[in-house]
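# Observations on the model geometry
Letter by letter, the chains look like this.
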Amino acid sequence: MATTWLDAVVVARTAATANIAVLDLAPAGGGPDFPAYTAGAHIDVLIDVLLEQGGLLEQGGLTRQYSLCGPPGTGQYRLAVLNDPASRGGSRAMHTLEVGDRLRISAPRNRFPLTAARRHLLFAGGIGITPLLAMVGSLDAEGGDYTLHYCVRSRGDAAFVSELADNPRVAFHFDDEDPGQRLDVDSCLGTPSPDTAVYVCGPGGFMDHVLGRAEAAGWPPAALHKERFAAGAPAPDAAEPGAFTVRLASTGAEYQVPEDRSALDVLLENGIDAPSSCQQGICGECVVRILAGEPDHRDDVLSPGEQADGLFAPCTSRALSRVLELDM
Ligand code: FES
């Protein structure tokens, strides 16, 4: 499905920390409210538009994903953007935005929704607080049962402390404070329980640690929900990428995917109207169903159940069989 783009204007900008800007976006030109969303949703931002309007020059457009962290239902969107020194340009460009600047954004998508579990265990690492903050708002509004563990290097690096400080369901864990308050993942996770869902968002190392401890404790994959900001490291046993062929079920056309290109790259180069966004296996926009062949899943967005059900992310995943037939 093609991305629906919206024209937005920055209506407020505040500093959550020295390195985190909070941007409130409203429809440009006083248009109708933005589409509604649920907690955990994100939007794409077209950074090439930002770069032009910020007076900076950069060849080629960037699309970056940002979680919506404000309370749903306001008709506006709130983002919190970390000015990451390791950024490839996206967060730096976002930090040039001021009130009145315009930008193009996608409609919200949610690959990280709250589930119907009776109890929710939320783990945020650093800027990973953003989707979980929206979840806290939703759960508070509906009287949900949850605990948020918010892990940050230091208090000065933590966004939204004042919003969360008085919430008895929130536990802060600062790396540079009393060792007794640091995150003890095993005890925070406790024993797996069928009525509890675990949600994790943050840097890759933090996520791998929490998810690894959860798996070791016996939490089933279906209870673990994650959202990454950048693709995780390939699994240690991942095979070297090899060449394979994708076949489109609708036309029978076949395309060779060399070992140094993704299936998505090849489809786009051949003029196939394939949806895409992050190109890192984290947003779910490119996901398509496989009709034949054996996939080699390398994405960070599909659950084991969705993978087993035949879904496939052509931007990062590859094939173990010679041919993959795609439902497109
Ligand atoms: S484009 Fe984002 S998962 Fe493939």
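This text gives an overview of the structure that appears in the document. None of these values were measured; they are calculated from a predicted model.

With that settled, consider the nonpolar core. Ranked by size, the top nonpolar core spans 30 residues in total, and within it L122, I129, L132, L148, Y150, F160 and L164 carry the most contacts. Contributing elements (two or more residues each) for this core: β2 (20–27), β7 (119–125), α3 (129–142), β8 (145–152), β9 (170–174) and β10 (196–202). Tallying contributions element by element places α3 first for this core, with 7 residues. Looking at which domains feed residues into this core, each of domain 1 (5–106) and domain 2 (119–228) gives three or more. Those residues within four positions of L164 in sequence are excluded, and the remaining contacts are I129, L133, V136, L148, Y150, V170 and F172.

Inspection of every chain in the model, using the stated rule, returns 5 aromatic pairs. Where Y37 meets Y77, the ring centres are 5.6 Å apart and the plane angle is 80°; that geometry is what we call edge-to-face. With a gap of 40 residues between them, Y37 in the loop between β2 and β3 (42–46) and Y77 in strand β5 (residues 77–82) connect regions that are remote in the sequence. Given the relative accessible area of 1%, Y77 is considered buried. Of the aromatic side chains, those joined through ring pairs into one cluster are F34, Y37 and Y77. The ring of Y146 carries the charged tip of R169 above its face, separated from the ring centre by 5.3 Å.

Once that is clear, we can look at the sheet that holds strand β14 (residues 288–292). Spatial ordering of the open sheet is given by β13-β12-β18-β14-β16, a layout of 5 strands whose pairing is mixed. Strands at the two margins of the open sheet, each flanked by one partner only, are β13 (254–257) and β16 (311–312). Alignment of strand β12 (residues 244–248) against strand β18 (residues 323–326), held across 4 bridges, turns out to be parallel. What sits directly across from L248, in β18, is L326.

You can see H120 is positioned in strand β7. Note on H120: relative accessible area 4%, which makes it buried. Ignoring sequence-local partners within four residues, the contact set of H120 consists of L114, T115, L139, D145, Y146, T147, A197 and Y199.

Rules and cut-offs
Residues numbered from 1 in each chain as written. Predicted model: local features only at pLDDT ≥ 70, side-chain atom pairs only at ≥ 80, totals over all residues. Heavy atoms only, no water. Core = buried A, V, L, I, M, F, W, Y, C linked by side-chain atoms within 4.5 Å. Buried < 20%, exposed > 50% of the residue type's maximum accessible area, 1.4 Å probe, protein only. Helix = DSSP H or I, 4+ residues; strand = E, 2+ residues; numbered from the N terminus. Domains from an automatic or database assignment. Contact = heavy atoms within 4.5 Å. Phe/Tyr/Trp six-rings, centres within 6.5 Å; stacked < 30°, edge-to-face > 60°. Lys NZ or Arg CZ within 6 Å of the ring centre and 35° of its normal. Pairing = 2+ DSSP bridges.

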